[in-house]
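Given next are the chains, with one letter for each unit.
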Amino acid sequence: MKEYNLKTREGRWRHFGSVDPIKGTKPTEKELMMDLQSSKKDFLFEIDHVGIKNLTYPVRIGDFQTVGHFSLSTHLAKDEKGINMSRILESVESHYENGLTLDFDTLKKVLITLQTAMKQKNASVEVEGVWFFDRYSPITNLKAVGHADTTFEMTVADEKVISQSLTIKAQVTTLCPCSKEISEYSAHNQRGVVTVKADLTEELPADYKEQMLEAMEINASSMLYPILKRTDEKSVTERAYENPRFVEDLLRLIAADLVELPFITGFEIECRNEESIHQHDAFARLKYSK
Ligand SMILES: Nc1nc2c(ncn2[C@@H]2O[C@H](COP(=O)(O)OP(=O)(O)OP(=O)(O)O)[C@@H](O)[C@H]2O)c(=O)[nH]1
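Note that this is a predicted model, so its numbers are computed, not measured.

**Student:** Help me out: how do you make sense of the packing of helix H5 (residues 208–218) against helix H7 (residues 247–260) in this one?
**Tutor:** Two measures define how a pair of helices packs: the angle their axes make with one another and the distance between the axes. With their axes 8 Å apart at the nearest point, H5 and H7 run at an angle of 150° to one another. The orientation of H5 relative to H7 falls into the category roughly antiparallel. Judged by the sense of rotation from one axis to the other, the crossing of H5 with H7 is right-handed. Residues Ala215, Met216 and Ile218 of H5 lie in contact with H7, whose contacting residues are Leu250, Ile254, Asp257 and Leu258. Residue composition of the contact of H5 with H7, by class: six nonpolar, no polar and one charged.

**Student:** Looking at this structure, I do not really get the UniProt feature "site: May be catalytically important" (unreviewed entry) in the protein. What am I missing?
**Tutor:** Mapped onto the present numbering, the UniProt feature "site: May be catalytically important" (unreviewed entry) falls at Cys176. Topologically, cysteine 176 is positioned in the loop between strand E6 (160–175) and helix H4 (177–182). Residue class for cysteine 176 comes out buried when judged on its relative accessible area of 11%. Cysteine 176 has contacts with Ala187, His188, Gln190, Pro244, Arg245 and Phe246, leaving out every residue within four places of it along the chain.

**Student:** Would you take a moment to explain the environment of asparagine 273 for this structure?
**Tutor:** Position of asparagine 273 among the secondary structure elements: in strand E8 (residues 264–274). With relative accessibility at 2%, the residue asparagine 273 sits in the buried group. In this structure the C-alpha to C-alpha distance between asparagine 273 and leucine 32, which are 241 residues apart in sequence, comes to 61 Å. Those residues in contact with asparagine 273, other than ones at most four positions away along the chain, are Thr174, Gln190, Arg191, Gly192, Val247, Asp281 and Ala282.

**Student:** What is the right way to read helix H3 (residues 104–118) from this model?
**Tutor:** Taking 1.5 Å of rise per residue, 15 residues should cover 21 Å, and H3 covers 21 Å from first to last C-alpha, within 8% of that figure. Listed as buried for H3 are Phe104, Thr106, Leu107, Val110, Leu111, Ile112, Leu114, Gln115 and Met118. Put simply, aspartate 103 is the residue that caps the front of H3, since its side-chain oxygen is 3.4 Å from the backbone nitrogen of aspartate 105. Once H3 ends, the next one or two residues include lysine 119, with phi positive near 55°.

**Student:** How should the packing of aromatic side chains be read in this particular structure?
**Tutor:** We describe a pair of aromatic rings using the distance from one ring centre to the other and the angle between the two ring planes. All told, the structure shown has six aromatic pairs when counted by the stated rule. Here the aromatic residues Phe104, Phe152 and Tyr208 are joined through ring pairs into a cluster of three or more. Here the basic side chain of lysine 180 rests over the ring of tyrosine 241, its NZ or CZ set 4.3 Å away from the ring centre. Cation over ring: lysine 209 sits above tryptophan 131, and NZ or CZ is 5.4 Å from the ring centre.

Parameters and conventions
- Residues numbered from 1 in each chain as written.
- Predicted model: local features only at pLDDT ≥ 70, side-chain atom pairs only at ≥ 80, totals over all residues.
- Heavy atoms only, no water.
- Axes fitted to C-alpha atoms, helices over the stretch in contact; angles between N-to-C directions.
- Helix = DSSP H or I, 4+ residues; strand = E, 2+ residues; numbered from the N terminus.
- Parallel < 35°, antiparallel > 145°, perpendicular 65-115°, else oblique.
- Left-handed = near helix turned anticlockwise from the far one by under 90°.
- Contact = heavy atoms within 4.5 Å.
- Nonpolar A, V, L, I, M, F, W, Y, C, P; charged D, E, K, R; others polar.
- UniProt positions renumbered as here; feature names shortened; annotations may be inferred.
- Buried < 20%, exposed > 50% of the residue type's maximum accessible area, 1.4 Å probe, protein only.
- Expected span 1.5 Å × (residues − 1).
- Polar contact = N/O pair within 3.5 Å; in protein donor to acceptor, adjacent residues only side chain to side chain.
- Phe/Tyr/Trp six-rings, centres within 6.5 Å; stacked < 30°, edge-to-face > 60°.
- Lys NZ or Arg CZ within 6 Å of the ring centre and 35° of its normal.

Here it is in C-alpha cells:
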C-alpha cells in the first residue's frame, strides 16, 4: 500500500482515497457546452410555473432585518425544454443591497428583471418572512419587539402586476362568551391564531400592513404584548372579560373591518383557537370577494 505524507493536506486526501481527475472528452468552455435547457422542439405542454423554492435570502421588513424564504417561477413555452435557472438568482441579486426590501415595489422590480431575463410571458414570487415591529405595553407604554408571520405573493406579466396579495398570521387572546355567561366567576380563554390572506390593489397606503394587522388584533378579546407590568396585566385581563369572543365572532368582526379597507379587493380569513379546556382547537374560516 502506497504511503502518503500525512503532514500535508494533499497527502491526507490521497491517504483517504482522493485521485486525479480524468482527462475528459467533453468541453470545459461555456461556448462549446451543449445548452440543453434552451433546446427547441415540441415538448407537449406549456408549464404554468417552473422555478425554485426554499431560497433563503436576507430581507428587510420595515426597520428590521429578517429572513425571507422565496419561491420564484416563470411560465415556460411549449417549444422550450427548460428555463435558465441561474438567471433567477441573478435577478434577485441584481436588486440586493445589503438585503432585499420586502415590499411590493421591490418584488415588482425583481419580477420584471426575471421575466425579461427568461423571455417568458409571466413571472411569480412568494416570500415568507417574519415581520418584527415595536409593540408598547397598554398602560406603562414599555417598548418591546412583537412579530407576525407574513407571505407576500405577486405575479407580473409584460411588466404589469396581475395580482398581489399579503397573508398575515398573528396571535391574539379570546375569552369564551359562553364560559363567562354560565360560570359564577371567571371564564376560560385561549390563544387565537388569526390568518388573513388579502388580495390587494396595486396602489397601497404606506401603512397597509399595520391596517390589516390592526383589524386582526383589535377585534379580539385582547392583543398580545411582550412586556406586561402589573397595571398592564390588569388592563388586558379586564379588557378580555369586557370583550368575550367566540371564534365565529372574531372572524366576522375582522371581516367587517377588512371590508372597509379600500386597498383590499377580497380576502380569506381563518381564526383558530387553541382551546384551553380541550385538547383540540376550534376554527372558523370565510372567503369574501368585494
Ligand atoms: N432548467 C432546469 N435547470 C436545472 C434544473 N436543475 C438544475 N438545473 C441547473 O441550472 C444550471 C444553470 O443553468 P442555466 O441558467 O441555463 O446556465 P447557463 O445556460 O450557463 O446560463 P445563461 O448564460 O444565463 O443561459 C444548469 O447547470 C442546470 O442543470 C432543472 O430541473 N431544470
